[in-house]
Number of protein chains: 2
Amino acid sequence: MTGTLYGLGIGPGDPELITLKALKLLQSTQVLAYPALEEGDSLARAIVAPHLNGHKTEIAIRIPMTVAREPAQVAYDLAAKELGEHLKQGEDVVVLCEGDPFFYGSFMYLFGRIAEDFPVEVVPGVSSLTACATALQSPLSARNDILTVLPAPLDSRILKERLRETDSAAIMKVGRHFARVREVIDEMGLMENARYIERATMENEKILPLSDVPPDAAPYFSMILIHKRGQAWK
Amino acid sequence: MTGTLYGLGIGPGDPELITLKALKLLQSTQVLAYPALEEGDSLARAIVAPHLNGHKTEIAIRIPMTVAREPAQVAYDLAAKELGEHLKQGEDVVVLCEGDPFFYGSFMYLFGRIAEDFPVEVVPGVSSLTACATALQSPLSARNDILTVLPAPLDSRILKERLRETDSAAIMKVGRHFARVREVIDEMGLMENARYIERATMENEKILPLSDVPPDAAPYFSMILIHKRGQAWK
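Predicted model, so just to flag it, every value in this text is computed and none were measured.

## Points about the overall build of chain A
Then, in step 1: Looking only at helices and strands, one finds 7 helices and 10 strands in chain A.
Then, in step 2: Against the compact-globule benchmark of 17 Å for 234 residues, chain A has a radius of gyration of 19 Å, which places it among compact chains.
Then, in step 3: Along the longest, intermediate and shortest principal axes, the C-alpha atoms of chain A span 60 × 40 × 30 Å.
Then, in step 4: Considering chain A as a whole, with its 234 residues, one finds that 56% of them fall into the buried category.
Then, in step 5: Partitioning the intrachain contacts of chain A with sequence separation of at least 6 by distance along the chain shows that 71% fall at a separation of at least 24.
Then, in step 6: With an accessible surface of roughly 9900 Å², chain A has 49% of that area assigned to carbon and sulfur atoms.

## Remarks on the pattern of salt bridges
Residue and element names in this part refer to chain B.
Then, in step 1: Overall, the coordinates contain 17 salt bridges over all chains when judged by the stated rule.
Then, in step 2: Arginine 45 serves as the salt-bridge partner of glutamate 58, at 2.6 Å between the closest nitrogen and oxygen. With glutamate 58 in strand β3 (residues 57-62) and arginine 45 in helix α2 (residues 43-48), this pair connects stretches of sequence that are 13 residues apart.
Then, in step 3: Classification of arginine 45 by relative accessible area gives partly exposed; the value is 27%.
Then, in step 4: Across the salt bridge formed by glutamate 161 and arginine 162, the nearest N and O atoms sit 3.1 Å from each other.

## Some details on the interface of chain A and chain B
Then, in step 1: Opposite the 54 residues of chain A that make contact, chain B presents 54 residues.
Then, in step 2: Each partner contributes to the roughly 4900 Å² buried at the junction of chain A and chain B, and carbon and sulfur atoms together form 58% of this total.
Then, in step 3: If you sort the residues of chain A by the area they bury against chain B, Leu20(A), Phe102(A) and Arg143(A) come out on top, with a joint share of 14%.
Then, in step 4: Counting across the chain A and chain B interface gives 4 salt bridges.

## Comments concerning the sheet that holds strand β5 (residues 120-123) of chain B
Residue and element names in this part refer to chain B.
Then, in step 1: Strand order in this open sheet of 5 strands is β3-β2-β4-β1-β5, and the pairing throughout is parallel. Each of the sheet's edge strands pairs with one partner strand only, and the pair in question is β3 and β5. Averaged over all neighbouring strand pairs, the angle between strand axes comes to 20 degrees, with direction disregarded.
Then, in step 2: Pairing of strand β2 (residues 31-36) with β3 involves 6 bridges; the strand directions are parallel. Across the sheet, residue proline 35 finds its bridge partner in β3, namely isoleucine 61.
Then, in step 3: Helix α1 (residues 20-28) rests against β1 (5-9), β2, β4 (93-97) and β5 of the sheet, and its axis sits at about 135 degrees to β1.

## Description of unusual backbone geometry
Residue and element names in this part refer to chain A.
Then, in step 1: Positioned with a positive phi, tyrosine 104 is a non-glycine residue whose angle comes to about 55 degrees.
Then, in step 2: Checked against the element boundaries, tyrosine 104 lands in the loop between β4 (93-97) and α4 (107-114).
Then, in step 3: In this structure, arginine 199 takes a positive phi of about 50 degrees despite not being glycine.
Then, in step 4: Take arginine 199: it is sitting in the loop between β8 (194-198) and β9 (206-209).

## A closer look at the domain arrangement of chain A
All names here are of chain A.
Then, in step 1: Under the domain assignment used here, chain A contains domain 1 (5-126) and domain 2 (129-227).
Then, in step 2: Of note, the centres of domain 1 and domain 2, computed from C-alpha atoms alone, are 27 Å apart.
Then, in step 3: Across the boundary between the two partners, domain 1 contributes 10 residues, which contact 12 residues of domain 2.
Then, in step 4: Counting each side, the surface lost to burial between domain 1 and domain 2 is near 860 Å², with a carbon and sulfur contribution of 74%.
Then, in step 5: When residues of domain 1 are sorted by the area they lose upon contact with domain 2, Pro12, Phe103 and Tyr104 head the list and together hold 54% of the total.
Then, in step 6: Taken together, the links from domain 1 to domain 2 amount to 0 salt bridges.
Then, in step 7: At the boundary of domain 1 and domain 2, one finds 1 residue pair in polar contact (both at pLDDT 80 or more).
Then, in step 8: Per-class residue counts for the side of domain 1 that touches domain 2 are 7 nonpolar, 1 polar and 2 charged.

Calculation rules
Residues numbered from 1 in each chain as written. Chains lettered and ligands numbered in written order. Predicted model: local features only at pLDDT ≥ 70, side-chain atom pairs only at ≥ 80, totals over all residues. Heavy atoms only, no water. Helix = DSSP H or I, 4+ residues; strand = E, 2+ residues; numbered from the N terminus. Rg over C-alpha atoms; globule rule 2.2 N^0.38 Å. Buried < 20%, exposed > 50% of the residue type's maximum accessible area, 1.4 Å probe, protein only. Contact = heavy atoms within 4.5 Å. Areas by Shrake-Rupley, 256 points an atom, 1.4 Å probe, with all protein chains shown as cover. Salt bridge = Lys/Arg side-chain N within 4 Å of Asp/Glu carboxyl O. Buried area = accessible area lost by both parts, 1.4 Å probe. Pairing = 2+ DSSP bridges. Axes fitted to C-alpha atoms, helices over the stretch in contact; angles between N-to-C directions. Domains from an automatic or database assignment. Polar contact = N/O pair within 3.5 Å; in protein donor to acceptor, adjacent residues only side chain to side chain. Nonpolar A, V, L, I, M, F, W, Y, C, P; charged D, E, K, R; others polar.

Now the structure itself:
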């Protein structure tokens, strides 16, 4: 009998936003894997730290954050092999995933490498998308609104076209694209509709009108939400 | 001191997909409100039933499911007034919300009526969106994919335009629009990329290629997910 790989959505940051299902699997499984920076800590592990019970075998999956994709692919190949060794021996393995594993999550790279050979079960989690809406105290989308999720690395031309044709938008993976994305939004006259959220649901959560965030900011765990219709739910 | 209204995301259906935060508020609050059919049961209450502890004051919010908006608005006005009476007396009130309160949730109608007069706190939940992706065992969106969420009642012309310009799409609120939406997807040559999910994470969950669902089906708690790129995560 081989083990099962569990991809656990652990939510956006507040340790209390883990689901009961993920919590039980976390506490009952002996092998615990999580993404981590090349050097340093794992945010995912920090999120679940209050829930950890006793000693586990821990595997930090360290993925190089390079623009080139190959170094990351090699790292995922190695990680899949390491997790596979445990699964082969009949040990279950949980992999922690910030937010939801299948919503722009890096878990999919392990999933793609492991699901053909071993049973994989995914537990959905609270995504950064709805966590950010909660932080803003404002519905993401109402009634027949179209909601578009846009990764910031897309071309400015594509971002503009898609922003033009949606009611609400969430711009993800802002990072080093911040200044350009901010300019796109400004050029489209959407600054008043745009809010910036950093570290939603975490202790140091920060919310600002986008216009108050300087173009040279270096955002971290951030998202921009745009509501064209204002308070459509009233 | 007035009470606080808590909008609790209770997840997509599996009672274990409630968050710890929502569970604690559910169990520590005396007044429990939830949406219900005009006659009959409340799905939201059924989802949390295994977690209910002891006697609570229960308020079923019965909203008429008419195409005209006015009867529902009147019902929300009345419900807001009833909850407001408890809040005025300093009692906290939890309102159960299937999925996530701010992701196309009807909670926003209560929120819009109550948040100006009383403190409101929203707890995000696992949305139907990511629950459906989990049910399909396939990532919703990867890398720089554009993900578009489309309510089925939109005009066929708009649905087509938006489907043309996205990598992944989730079509919500399918209900009585099913036959038309199915035809739109067929006309666009996207049948092979489309899957149908009913009651995701519930005991009677059902997943089918869209082409296997007859046009005269009467879907219930269902969503259609479309991935144009196939397995982009590999």
